[in-house]
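The lines below spell out each chain.
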Amino acid sequence: STRRQAAEATTGTRSRTTGTPPVTFDLTATPTPPPRPLARISPGGVVGGGLSVPSVRQISSNGIISIFGENFAPPGTQRLVSSADLVNGRLPTNLGGVCVEVGAQRAPIFHVFPTQLNIQVPSLTEPGNTPVQVILNCATAEESRSNSEVVVLQAAAPEFLFFVRNADGRNPIAAVNATTPGLVGPEELIPGVQFAPARPGDVVTLFATGFGATSPTFAAGELPDRIAPTTQPVRVAVGGSDLSEADILYAGVTPFLAGVYQLNIRIPTNALDGDLRVTAWVGNFSTSPGAFLTVRR
């Protein structure tokens, strides 16, 4: 009978059969990587991109929203969209293998972090409950989906954008002064950055999102190449007093910035000094309380 002997080796395996020369071969074991953890959207984790306090829980077409949760990307990931990511001049709907579906449409993506995504709401038309879902390894055989978080889609979900955010919700609106060019805010708002209060009579531009449909229309992900006013009427109050129509100079998209709207207003000549609360209504929908603009004579 044939006798076999097996010899152990640390770098290879040797097999010997009686009467034949020895043969040596190497084996390489490749361990299967553990599956990537499933993405999960936190309960109530879909909010307006301005991160107001309290949060804006509704969404509107073409507005910017943030999604909070876990396992959206490996730890330490900070993926920001760049000009190289644009697809035919538009924001991508797949950034680093991450996609987001709002309703049945893929959303343009601005930023990917392990616990936060910033996206633009697709151009949707049916108001009401709308599911939001995160997709990992998008467009591959390993594609996986998070839980769905349902939010309400409405015609507008206006929200100001802010230079800084405070826990009490009193936040300085991101604004520039068109009369005396510069950033509007308290002088000490951000160390090393020059701010100045607006003055009564100044024309200022306030930046926001979620103002809804405009004319002309722009698709989600598209970088507007011109101004486009909102189709719904806009009202503004500064310091508790409604502005006249003549002092609301423009409300609509900000050219070359997807999802960002702007509100150009004239500060009333009788405005008081201080951090004045600003509220904007787009149709019947208003901005969150706490947004303010600093005015001083």
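**Overview of the overall build of the protein chain**
Part 1: For the protein chain, the helix and strand inventory stands at 0 helices and 27 strands.
Part 2: Sequence separation of at least 24 residues holds for 61% of the intrachain contacts in the protein chain that already meet a minimum separation of 6.
Part 3: With the model as given, the accessible surface of the protein chain reaches about 15,400 Å², and the carbon-plus-sulfur share is 54%.

**Here we look at the sheet that holds strand 6 (residues 64–70)**
Part 1: The strand order across the open sheet built from 5 strands is 4-6-11-10-7, with neighbouring strands paired in antiparallel fashion. Lying at the two open borders of the sheet, with one neighbouring strand each, are strand 4 (40–48) and strand 7 (79–80).
Part 2: Pairing of strand 10 (residues 109–112) with strand 11 (residues 116–120) involves 3 bridges; the strand directions are antiparallel. Within strand 11, the position partnered with Val112 by the bridge is Leu117.

**Concerning the state of the cysteines**
Part 1: Within the structure shown, the criterion is met by 1 disulfide.
Part 2: Across the disulfide, Cys99 is cross-linked to Cys138 (sulfur-sulfur distance 2.0 Å). Here the disulfide of Cys99 and Cys138 is left-handed, its torsion about the S-S bond being about -105 degrees. Note that Cys99 is positioned in strand 8 (residues 99–102) and Cys138 in the loop between strand 12 (128–136) and strand 13 (144–145), a separation of 39 residues in sequence. Of the two residues examined, Cys99 and Cys138, each falls in the buried class.

**Here's the deal with the packing of aromatic side chains**
Part 1: Taken as a whole and assessed by the stated rule, the structure comprises 2 aromatic pairs.
Part 2: Look at Phe163 and Phe195: their rings are 5.0 Å apart centre to centre, the planes differ by 75 degrees, and that puts the pair in the edge-to-face class. Remark: Phe195 occurs in strand 19 (residues 195–196) and Phe163 occurs in the loop between strand 15 (159–160) and strand 16 (171–172); sequence separation between them is 32 residues.
Part 3: Above the plane of the ring of Trp281 lies Arg235, whose end atom (NZ or CZ) is 4.3 Å from the centre.

**Comments concerning the pairing of strand 20 (residues 203–209)**
Part 1: Most of strand 20 sits out of view: 7 of its 7 residues are buried.
Part 2: Along strand 20, one buried face is formed by Val203, Thr205, Phe207 and Thr209 and the opposite face, lined by Val204, Leu206 and Ala208, is buried too.
Part 3: The sheet contact formed by strand 15 and strand 20 spans 2 bridges and is antiparallel. Its bridge partner being in strand 20, Glu159 is matched across the sheet by Thr209.
Part 4: Judged from the 3 bridges that link them, strand 17 (residues 175–177) and strand 20 form a sheet pairing that is antiparallel. Across the sheet, Asn177 pairs through a bridge with Val204, a residue of strand 20.

**Some points on the nonpolar core**
Part 1: Ranked by internal contacts, the top residues of the largest apolar core, which has 33 residues, are Phe160, Leu206, Val236, Leu263 and Ile265.
Part 2: Elements with a minimum of two residues in this core: strand 20, strand 21 (234–238), strand 23 (248–253), strand 24 (261–266), strand 25 (274–282) and strand 27 (291–295).
Part 3: Those residues in contact with Leu206, other than ones at most four positions away along the chain, are Phe160, Ile173, Ala174, Ala175, Tyr261, Gln262, Leu263, Ile265, Val278 and Leu293.
Part 4: Counting 24 residues, the second-largest nonpolar core is a separate cluster that includes Ile67, Ala73, Val132 and Leu136.

**Some thoughts on unusual backbone geometry**
Residues other than glycine predominantly adopt negative phi, and peptide bonds predominantly adopt the trans conformation.
Part 1: Residue Pro54 follows Val53 across a cis peptide bond; omega there is 0 degrees.
Part 2: For the bond from Ser215 to Pro216, the omega torsion is 0 degrees, close enough to zero to count as cis.
Part 3: Along the chain, the position of Pro216 falls in the loop between strand 20 and strand 21.
Part 4: The backbone of Asn137 sits at a positive phi, close to 50 degrees, despite the residue not being glycine.

**A short note on the pairing of strand 25**
Part 1: Bridge analysis of strand 21 against strand 25 gives 5 bridges, and the strand direction is antiparallel. In the strand pairing of strand 25, Arg235 is matched with Trp281.
Part 2: The pairing of strand 25 with strand 27 spans 4 bridges and is antiparallel. Its bridge partner lying in strand 27, Leu276 is registered against Leu293.
Part 3: Bridge count for strand 25 against strand 26 (residues 285–286) is 2 bridges, and the pairing is antiparallel. By the bridge assignment, Val282 is partnered in strand 26 with Phe285.
Part 4: Here strand 25 hands over to strand 26 after 2 residues, with Gly283 in that stretch at a positive phi of 65 degrees.

**Some remarks on the confidence of the model for the protein chain**
Part 1: Per-chain confidence: the protein chain averages 92 in pLDDT, with 88% of residues scoring 70 or above.
Part 2: Between residues 1–11, whose pLDDT stays under 50, and residues either more than four places distant or in other chains, the model counts 8 contacts.

Here is what the cut-offs are and how they apply
- Residues numbered from 1 in each chain as written.
- Predicted model: local features only at pLDDT ≥ 70, side-chain atom pairs only at ≥ 80, totals over all residues.
- Heavy atoms only, no water.
- Helix = DSSP H or I, 4+ residues; strand = E, 2+ residues; numbered from the N terminus.
- Contact = heavy atoms within 4.5 Å.
- Areas by Shrake-Rupley, 256 points an atom, 1.4 Å probe, with all protein chains shown as cover.
- Pairing = 2+ DSSP bridges.
- Disulfide = S-S within 2.5 Å.
- Buried < 20%, exposed > 50% of the residue type's maximum accessible area, 1.4 Å probe, protein only.
- Phe/Tyr/Trp six-rings, centres within 6.5 Å; stacked < 30°, edge-to-face > 60°.
- Lys NZ or Arg CZ within 6 Å of the ring centre and 35° of its normal.
- Core = buried A, V, L, I, M, F, W, Y, C linked by side-chain atoms within 4.5 Å.
- pLDDT = per-residue confidence, 0-100.

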